[in-house]
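A closer look at the structure
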Amino acid sequence: MTTDRHRTGPAGDWFHSAVVYQIYPRSFADSNGDGIGDLRGVLGKLDYLHRLGIDVLWLSPIYRSPQDDNGYDISDYRDIDPLFGTLDDLDELIAGLHSRGMKLIMDLVVNHTSDEHPWFLESRSGPDSPKRDWYWWRPPRDGATGGAPGAEPNNWGSAFSGPAWAYDAVTGEYYLHLFSTKQPDLNWENPQVRSAVYEMMNWWLDRGVDGFRMDVINFISKDTALPDGLLAEGMLYGDGGPFYISGPRVHEFLHEMHLQVFAHRSSPLLTVAEMPGVNVRDAVLFTDPRREEVDMVFQFEHVALDQEEGNKWRPKPLRLVELKASLRRWQEGLAGTGWNSLYWGNHDQARAVSRFGDDGAYRELSAKMLAGILHLHRGTPYIYQGEELGMTNMSFGAISDYRDIEVLNHHREATTHLGHTDAEVLAAVAPLNRDNARTPLQWDTTGNAGFTTGTPWIAVNPNHNRINAAAQLDDPASVLAFYRKVIELRHRDPVVSDGDFTMLLPEDEHVYAFLRTVPGTELLVLGNFSGSDRTADVGDPSWTAAEPVLGNYPASAGLALRPWELKVLRRLVSG
Ligand code: TEU
Ligand code: CA
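This report concerns the structure included in the present document. (Residues numbered from 1 in each chain as written. Chains lettered and ligands numbered in written order. Predicted model: local features only at pLDDT ≥ 70, side-chain atom pairs only at ≥ 80, totals over all residues. Heavy atoms only, no water.)

Okay, the coordination of the calcium ion (ligand 2) next. Here the calcium ion (ligand 2) is held by D30 (OD), N32 (OD1), D34 (OD), I36 (O) and D38 (OD), and the distances to it run 2.2 to 2.4 Å. All donors of the calcium ion (ligand 2) come from a single chain, and their spacing in sequence reads D-x1-N-x1-D-x1-I-x1-D. Comparing D30 with D38, the two get one shared label, buried. (Donors = N, O, S within 2.8 Å, 3.2 Å for Na, K, Ca; no water. Buried < 20%, exposed > 50% of the residue type's maximum accessible area, 1.4 Å probe, protein only.)

Attention shifts here to the sheet that holds strand β12 (residues 341-342). Read from one edge of the open sheet, 8 strands run β11-β10-β9-β5-β2-β1-β13-β12, paired in parallel fashion. Each edge of the open sheet is held by one strand with a lone partner, namely β11 (296-298) and β12. Inspection of the sheet shows β12 paired to strand β13 (residues 380-384) by 2 bridges, in the parallel sense. The residue of β13 that forms the bridge with S341 is T380. (Pairing = 2+ DSSP bridges. Helix = DSSP H or I, 4+ residues; strand = E, 2+ residues; numbered from the N terminus.)

As a further point, take unusual backbone geometry. Peptide bonds are trans in most cases, and residues, glycine excluded, mostly fall at negative phi. The backbone of S246 shows a phi angle near 45°, a positive value even though the residue is not glycine. With respect to the helices and strands, S246 occurs in the loop between β9 (211-214) and α7 (250-262). Overall, S246 belongs to the buried group, its relative accessible area being 17%. For E292, which is not glycine, the phi torsion reads 55° and is therefore positive. With respect to the secondary-structure elements, E292 resides in the loop between α8 (280-287) and β11. The partly exposed category is assigned to E292, whose relative accessible area is 32%.

When you tally the buried positions in β13, you get 5 out of 5 residues, the bulk of the element. The alternating pattern of β13 places T380, Y382 and Y384 on one face and P381 and I383 on the opposite face, and all of these are buried. Inspection of the sheet shows strand β1 (residues 20-23) paired to β13 by 3 bridges, in the parallel sense. Pairing of V20 across the sheet is with Y382, part of β13.

Summed over all chains, the structure comprises 41 salt bridges. Across the pair D228 and R141 runs a salt bridge whose closest N-O atoms are separated by 2.9 Å. Note that D228 is positioned in the loop between β9 and α7 and R141 in the loop between β6 (137-138) and β7 (165-168), a separation of 87 residues in sequence. By relative accessible area, which is 30% here, R141 ends up partly exposed. (Salt bridge = Lys/Arg side-chain N within 4 Å of Asp/Glu carboxyl O.)

Right, let's get into empty space enclosed by the protein. Which parts of space are left empty comes out when a probe the size of a water molecule is rolled across the atoms. If you walk through the whole model with that rule in mind, you get 5 cavities of 30 Å³ or more. The space that makes up the largest cavity amounts to roughly 80 Å³. Contributing to the lining of the largest cavity are Q299, H302, L327, W330, Q331, N340, S341, L342, Y343, L374 and H377. Taken together, the elements giving at least two residues each to the lining of the largest cavity come down to α9 (320-334) and β12. Looking at the lining of the largest cavity, the element that brings in the most residues is α9, giving 3 residues. Tallied by class, the residues present in the lining of the largest cavity amount to 5 nonpolar, 6 polar and no charged. (1 Å grid on protein atoms, 1.4 Å probe; cavity = no way out; pocket = protein on both sides within 12 Å on 5 of 7 lines; lining within 4 Å. Points joined across faces, edges and corners; volume = space filled by probe spheres on them. Nonpolar A, V, L, I, M, F, W, Y, C, P; charged D, E, K, R; others polar.)

Here we come to the site of ligand 1. Taken together, 18 residues surround ligand 1, and among them D69, D215, D348, E406 and R434 come closest. R213 is positioned such that a nitrogen or oxygen atom in its side chain is 3.0 Å from an oxygen atom of ligand 1. In this structure, an oxygen atom belonging to ligand 1 sits 2.8 Å away from a side-chain N or O atom of D215. Against a free-state accessible area of 490 Å², the protein chains account for coverage of 90% of ligand 1. Per-class residue counts for the shell around ligand 1 are 6 nonpolar, 3 polar and 9 charged. (Near = heavy atom within 4 Å. Polar contact = N/O pair within 3.5 Å; in protein donor to acceptor, adjacent residues only side chain to side chain. Areas by Shrake-Rupley, 256 points an atom, 1.4 Å probe, with all protein chains shown as cover.)

What follows covers the side chain of D306. Along the chain, the position of D306 falls in the loop between β11 and α9. Taking the relative accessible area as the measure of exposure, D306 reaches 7% and is therefore buried. Here R355 takes part through its side chain, which lies 2.7 Å from a polar atom of the side chain of D306. For D306, the contacting residues outside a window of four places in its chain are R314, P315, K316, L318, R355 and L432. (Contact = heavy atoms within 4.5 Å.)

Okay, the packing of aromatic side chains next. For any pair of aromatic rings, geometry is given as the distance between the ring centres together with the angle between the planes. Under the counting rule described, the total for this entry stands at 33 aromatic pairs. With 4.7 Å between their ring centres and 35° between their planes, W344 and F356 make a pair best called tilted. A residue pair is termed long-range when its members are at least 10 positions apart, and W344 in the loop between β12 and α10 (352-356) and F356 in helix α10 qualify at 12 residues. Accessibility expressed as a relative area gives 4% for F356, which makes it buried. Three or more aromatic residues joined by ring pairs make a cluster, and in this case those are Y63, Y77, W119, W134, W203 and W204. Of note, R571 hangs over the ring of W543, and the distance from its end group to the ring centre comes to 4.1 Å. (Phe/Tyr/Trp six-rings, centres within 6.5 Å; stacked < 30°, edge-to-face > 60°. Lys NZ or Arg CZ within 6 Å of the ring centre and 35° of its normal.)

Structure (structure tokens):
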């Protein structure tokens, strides 16, 4: 049983053999017909998750929220939004997961709150508020009139278009918001803010949750001088990143959090820190167990390779050699000290099979190949809901079909301030917008894919007729069945959970090849990232006689690869 597995082994390393599944609750399963997924919907699918074999469930935010950014704007950290259910439902979920040997990690969104959080309402009430300093309030730029164009305290842009500052007429000052105007940034310099967050985290752990996925947690320490950022040509705002990405005190804050929240607890917990812009050097420090910060980080390098200058609205084709070089640096950089998280997708990214595979004729083959390649790296793999079915990107028609604040704000800014046409913007946002991954989970072939009996909050992908869980549940050749196999392999085989990683064929434009090794055993993992026949020329003919362990075609001898083929071979070695 999985529960026992979690208890054995040296403390802290249980997650080497664990697989995490992410639920975006709004789009997973709706129990009451209001068109929005909820906790009772999740409760109805626990056996589905258990049969898949996952160890940990990560829930995107379900706290009270005005839903400006679908729950990443929280107005009460200690209650469930009525849209999603009640604290009793959550307790039932914790119990239902634990009884099946699974854990629950919550999303922790503490770089910012909602502007409707009582802390912010108090802070905004006036310059003498005891919580004024809980957020980043600043007067207009020297000599400028508050509210006038360009009067913001600095030139930083928000991740969701527009400036990173909002003017508040009550006191004539601005507050900082790296995301939407309804997501004011908390001031972590203030020790009261930090204690309030740690107290809240302890409250959740005492309730039975098993850890946290920490939203943009490497943004919590800013350069307090808040200097202007570089203004690139053609851009409306300066780049503040260098002044808040992995900022001056972030390691100190995360270590303090560890001591205040995690250090005195004995059960196996999980902390994964979402860190846009993090580099390998910092990630080693964040995840080195001796430093007591976090277990692993989500890095963003491999999901920025198909864009010009990291701008998701300027997509470009992905080159396999660049993908391999990037993931190799993370594998090698963290080997021996830290630990990697492994992911192709989440609620902010395009669908894995559409982005890294072929969602046309080779959808099933490439979805399986991608699963094998990712899960057989060294690190803890994350599955985003629907990925295990090979769900694809959505084709939206008009801007009114979109729901995400990021794409809606960008469309408005690009058509009004940058002179782009509606058609140009729609074409640019199609491949990488976040709503691609937020369409409802496809359960069956009924009208709304079995997601809701009402009207879904965002359109269901019409391909649910072909791609759905019902069709795959008992089909041993399905993408879903393949995910079960690859998860099982990690649970069972130490070469997968703990083996060393060696990249092979770094220059090959089409074949992804690597070795995993533990004393006595070698695993060769080969993936064909193309729709043509290839050969993996690993320069060692003895592999042709090795034992096939896993594949997405009927096993064949040799190192030849059919279109989008995954081939995993094992051999015993002496010494
Ligand atoms: O995302 C952080 C982040 O920087 C990006 O992934 C962001 O979603 C966007 O794509 C920038 O182009 C986290 C959450 O995962 C995301 O859903 C939230 O919107 C964001 O933080 C704010 O809380
Ligand atoms: Ca509902």
